Structure formats: structure tokens, C-alpha cells
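Below, each chain spelled out in residue letters.
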Amino acid sequence: MRIAGNKFLITGGVSMIGAQITEHLLKADVREVVLFDNYSLSSPEMVGELARDPRVKLVRGDILRVNELFDALDGVGGVFATAGFLTLPLTLNPCLGIAVNVQGMVNVHEACRYRKVDKVVFSSSVATYGETGADTTEESSPWNWSKQQPGAALYGASKIMGENIGRLYEDRYGVKSISLRYSSVYGERQHLRAVNSVYIVDTYDRIARSERPIIPDDGLEVHDYIHVADIARANLMAMESDVSRESFTVATGEATTLNRLVEIILKITGSNLKPEYKTLQGKIRAATSKTMRFSNAKIARMIDWRPEIPLEDGIARLIRWRENEARQVR
Ligand SMILES: NC(=O)c1ccc[n+]([C@@H]2O[C@H](COP(=O)([O-])OP(=O)(O)OC[C@H]3O[C@@H](n4cnc5c(N)ncnc54)[C@H](O)[C@@H]3O)[C@@H](O)[C@H]2O)c1
């Protein structure tokens with residue numbers, strides 16, 4: 001599907017990822033972008049300047065009310081389905097989180113079928129793998145939730161449901177879909193709901209207050225941190241491509257320890273504070289593995305997407321954004 005000249009709707013559009021997709025769509029000469037969001041987790045301030053672009057339309061609506069989707073989908077060619085509850089908000093509010101992630105996805109597809117929307121690109125997650133224990137986790141790796149906290153496992157399960165709702169609607173009604181399984185997304189407009197990436201902001205904030213960064217346990221826990229601009233690019237490429245009914249891991253393929261992450265933040269901020277190691281009890285965690293490697297070979301092969309933003313550059317961008325935010329608050 002062509003991006004230029006077309007109209008798209010982003011569910012959960014005022015999110016960190018929705019805002020970044022919007023930026024990319026505007027650069028790609030889109031005709032109109034509808035940001036459909038009920039503002040339950042975020043607010044229109046999140047998209048800031050973007051809302052002033054005459055091609056951006058903010059619609060307050062709820063994916064749990066299918067009639068609101070029917071109205072908003074007028075003339076829409078493709079939907080980016082980003083509305084969802086991450087592990088942290090889902091753990092805090094399982095009733096609503098499961099409804100949004102599962103029934104919400106049924107509603108999105110039902111509305112797309114009636115309004116003849118061509119394609120849905122779904123924001124899924126590597127949580128669909130759980131903790132595989134494999135040397136390299138690929139799209140075919142089975143879900144293993146046995147060692148996970150219940151909130152993390154429920155989140156993974158809800159994303160597996162979302163992906164399969166998409167496949168079912170493609171098989172039965174011809175609504176095309178692609179599921180993108182993101183690893184830990186970080187970057188500009190970083191919010192405090194993403195359990196892994198919020199650590200970057202917390203660490204930066206401590207350093208900015210001249211407090212020593214805290215590293216949980218031995219700091220050997222690893223994550224695959226992927227910059228939000230790489231995620232937005234994957235969304236546009238998935239929408240543009242002729243491929244459908246597929247799931248792709250969208251990750252850098254590189255595991256970074258918390259020790260290394262803190263080292264990078266200290267270097268960027270020019271700080272010589274010494275980290276403090278602590279065991280933190282009772283924290284909500286997504287995955288706590290010391291080995292993790294995601295293969296991004298499938299998405300590279302099928303839609304030619306590769307990560308472009310090195311971790312140091314991405315973190316420098318996030319810190320610049322955070323400094324700017326702090327200046328505006330003062
Ligand atoms: N951030 C990450 O690290 C990450 C990783 C993997 C997958 N994802 C997925 O990507 C998507 C976007 O992530 P994000 O970090 O930008 O999330 P976010 O929490 O910033 O955004 C979710 C958005 O959905 C909206 N929303 C919630 N319920 C709604 C409803 N019923 N109707 C309409 N809008 C509703 C919220 O108001 C919010 O703006 C989510 O589905 C998430 O599960 C994110």
C-alpha cells in the first residue's frame with residue numbers, strides 16, 4: 001500500500017510509538033493521520049507540535065466501543081494498532097488491560113472488515129516468546145512462560161491473542177495484517193509504563209540529581225533495546241509491503257547488560273558517579289534473563305528492515321529529549 005497520499009488511523013495514537021509513527025507518516029507525505037485514543041494512559045500533550053499539522057486529526061475514542069471505530073475509519077486505507085496495556089499497567093489493572101489487548105483487537109478487526117480497511121499493522125511484543133532459554137530466539141520459537149511473573153505472562157498471552165485475531169480475520173474476511181514483535185522500545189517521549197526502558201530515564205534522572213545510579217543485583221540482566229524511530233520505520237515498511245499474515249521480531253539482535261547501559265548513560269552525561277548495586281524486592285518485571293538474543297533475520301529478508309540507530313546515539317537522543325522536557329517544566 002502506498003503511504004503518500006493515503007489516510008491512516010493509529011489506535012492509541014498519542015502513545016510514544018504512535019507519535020513516532022505519525023512523525024514518519026507526515027514525512028512520507030501522507031494525506032491524513034487519525035490519532036484515535038481514549039487518553040486513558042496518555043494525553044494529547046504527548047504529540048505536542050505534531051497536532052498542529054493540518055493533516056493530523058485527534059479523535060477521542062475507545063477501541064472497546066466498536067461504534068466509535070466505525071465512525072473514525074471513514075476513508076482509512078490502513079490501521080496501525082498500537083493501543084494496548086503493557087505488562088506494568090496490565091498487572092495493575094488486569095480487568096481493563098486484558099479487555100483492551102484482546103477484545104480491543106477483535107473490535108479493531110471487526111471495524112476494519114466493515115469499513116473495508118486493507119491492512120492492520122499490529123504492535124505485538126517479544127513477550128509472545130516469554131523466556132525461551134534458546135541461544136537465539138526466532139519467530140518459530142515456542143512461548144515459554146513458566147518462569148515469568150503472572151502479569152508478564154498475561155501480557156504475552158494477550159499479544160498472542162491479538163496476533164491470531166489478525167490471522168483469523170485475514171483468513172475469513174481478507175483483512176490483511178502484520179504483527180511486529182518489538183523488544184524493549186526506548187526513545188523520545190519515553191513514558192514510565194515500560195518496565196525495561198523506564199530504567200534508562202530513572203538512571204538519567206538520578207545522575208541529573210547527582211545521585212549514584214542504582215544497578216539491580218549484579219547488573220548482568222540483559223535486554224534488547226530498540227530505538228522508537230527504528231520501530232516507526234518498521235511499521236511504515238510493514239504497511240507498504242505486499243507481505244501479510246506474518247509475525248516479525250523487531251529487535252536489534254544485541255543484548256545489553258544493565259552494567260553496560262549505566263556505563264553509556266554515565267559517559268553521555270559526563271558523570272563520574274559510581275553505581276550502587278542493590279537487590280530490589282517486589283518489582284514488576286517483564287523478563288529478567290541474563291542471556292537473550294533475538295534474530296531479526298526474518299524481517300530483514302521479507303521486508304528489508306534493519307535497525308539503524310546504535311544504542312549510544314539513541315540514548316543520547318532520549319537524554320536530549322528529557323533535558324528539553326525538564327527545561328519546559330521549569
Ligand atoms: N514500549 C515498549 O517497549 C513496547 C514493547 C513491545 C510492544 N509494545 C506495544 O506497542 C504499543 C504501544 O506502546 P507504547 O509504549 O507507545 O504504549 P503507551 O502506553 O504509550 O500507549 C498506549 C496508548 O493506548 C491508549 N489506549 C489504551 N486503552 C485504549 C482504548 N481502550 N482505546 C483507545 N486507546 C487506548 C493509551 O491512552 C495510550 O496512548 C502497545 O500495544 C504495546 O503493548 C510496546
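Per chain, the residues get numbers from 1 upward, laid out in the order the sequence is written. Reporting of local features is limited, given that this is a predicted model, to residues whose pLDDT is at least 70; pairs of side-chain atoms are given and counted only at 80 or more, and all residues count toward the totals for whole chains, interfaces and linings.

Participant: I keep staring at the overall build of the chain and nothing clicks. Help me out?
Facilitator: Comment: elements are numbered from the N terminus, with helices defined as DSSP H or I runs of at least four residues and strands as E runs of at least two. Check the secondary structure of the chain and you find 10 helices and 13 strands. A compact globule built from 330 residues should have a C-alpha radius of gyration of about 20 Å, and the chain, at 19 Å, falls within 12% of that. Principal axes of the C-alpha set define a box for the chain whose edges measure 55 × 45 × 40 Å. Relative to its full complement of 330 residues, the chain shows a buried share of 46%. The long-range fraction of contacts in the chain, counting pairs at least 24 apart against all pairs at least 6 apart in sequence, stands at 81%. Our radius of gyration looks at C-alpha atoms and nothing else; its globule reference is 2.2 Å times the residue count to the power 0.38. Here exposure depends only on C-beta density: within 10 Å of a residue's C-beta, 20 or more other C-beta atoms make it buried, 12 or fewer make it exposed, and intermediate numbers make it partly exposed, the C-beta atoms being placed from the backbone. Contact between two residues is assigned when their C-beta atoms, built from the backbone, lie within 7 Å.

Participant: Quick question: what am I supposed to make of helix α5 (residues 150-173) here?
Facilitator: Along an α-helix, a turn takes 3.6 residues, which lines up residues three or four apart on a common side. One less than the residue count of a helix, multiplied by 1.5 Å, gives the span that helix is expected to have. Taking 1.5 Å of rise per residue, 24 residues should cover 34 Å, and α5 covers 34 Å from first to last C-alpha, within 8% of that figure. Gly174, located one to two residues past α5, shows a positive phi value of around 75 degrees.

Participant: Would you mind showing me how to read the site of the ligand here?
Facilitator: Each residue receives a C-beta atom placed from its backbone. It is near a molecule or strand if this atom lies within 6 Å of it. Looking at the ligand, there are 31 residues lining it, with Gly12, Ser15, Ser42, Gly84 and Ser123 nearest. Secondary structure elements with two or more residues in the shell around the ligand: α1 (16-27), α4 (94-114), β5 (119-125) and β7 (184-186). Among the elements that make up the shell around the ligand, the one with the highest residue count is α1 (three residues). Per-class residue counts for the shell around the ligand are 13 nonpolar, 15 polar and three charged. Only Asp, Glu, Lys and Arg are considered charged, only Ala, Val, Leu, Ile, Met, Phe, Trp, Tyr, Cys and Pro nonpolar, and every remaining residue, Gly among them, polar.

Participant: In this structure, what is going on with the sheet that holds strand β1 (residues 7-11)? I would like to understand it.
Facilitator: What holds strands together in a sheet is hydrogen bonding between their backbones, with the strands either parallel or antiparallel. When DSSP finds two or more bridges between a pair of strands, those strands are recorded as paired. Ordered in space as β3-β2-β1-β4-β5-β6-β11, the seven strands form an open sheet in which the pairing is parallel. Edge strands, defined here as strands with exactly one partner in the open sheet, are β3 (56-60) and β11 (246-250). Each strand axis lies, on average, 20 degrees off the axis of its neighbour in the sheet, ignoring direction. In the sheet, strand β2 (residues 32-37) pairs with β3 via five bridges, with the strands oriented parallel. Counterpart to Leu35 in the pairing with β3 is Leu58. For every element, the axis is a line fit to its C-alpha atoms; helices are fit only across the contacting stretch, and the angle between N-to-C directions ranges from 0 to 180 degrees.

Participant: Is there a simple way to think about the packing of α4 against α5 in this case?
Facilitator: For any two helices packed against each other, one specifies the inter-axial angle together with the distance between the axes. Interhelical geometry of α4 versus α5 gives an angle of 15 degrees and a closest axis separation of 10 Å. If you check the angle between α4 and α5, you find them roughly parallel. Considering how the two elements wind past one another, α4 and α5 form a crossing that is right-handed. Every residue of α5 that contacts α4 at Pro94, Ile98, Asn101, Val102, Met105, Val106, His109 and Arg113 is listed here: Leu154, Ser158, Lys159, Met161, Gly162, Ile165, Gly166, Tyr169 and Tyr173. Here the contact of α4 with α5 is built from residues that sort into 10 nonpolar, five polar and two charged. Working rule for angles: under 35 degrees goes down as roughly parallel, over 145 as roughly antiparallel, 65 to 115 as roughly perpendicular, anything else as oblique. Handedness of a crossing follows from how the near helix is turned relative to the far one, being left-handed for an anticlockwise turn of less than a right angle and right-handed for a clockwise one.

Participant: Honestly, the packing of α1 against helix α7 (residues 228-240) in this entry has me stumped. Any pointers?
Facilitator: α7 packs onto α1 with a crossing angle of 60 degrees between their chain directions and a minimal axis gap of 9 Å. Between α1 and α7, the angle is such that the two are oblique. In terms of crossing hand, the pair formed by α1 and α7 is right-handed. In this structure, α1 contributes Met16, Ile17, Gln20, Ile21, Glu23, His24 and Leu25 to the contact, and α7 contributes Val228, Ala229, Ile231, Ala232, Arg233, Asn235 and Leu236. The residue inventory of the contact of α1 with α7, partitioned by class, reads nine nonpolar, three polar and two charged.

Participant: Quick question: what am I supposed to make of the environment of Lys298 here?
Facilitator: Following the sequence through the fold, Lys298 ends up in helix α9 (residues 297-303). Once the C-alpha coordinates of Lys298 and Glu139 are considered, the two residues, 159 residues apart in sequence, prove to be 7.9 Å apart.

Participant: Would you mind showing me how to read α1 here?
Facilitator: An ideal rise of 1.5 Å per residue puts 16 Å on 12 residues; α1 measures up with 17 Å between its terminal C-alpha atoms. Here α1 has its buried residues at Met16, Ile17, Gly18, Ala19, Gln20, Ile21, Thr22 and Leu25. Once α1 ends, the next one or two residues include Asp29, with phi positive near 65 degrees.

Participant: Can you help me understand unusual backbone geometry in this one?
Facilitator: Glycine aside, a negative phi is what most residues show, and trans is what most peptide bonds show. Even without being glycine, Arg189 reaches a positive phi, approximately 65 degrees. Summarising the element assignment, Arg189 is placed in the loop between β7 and α6 (198-208).

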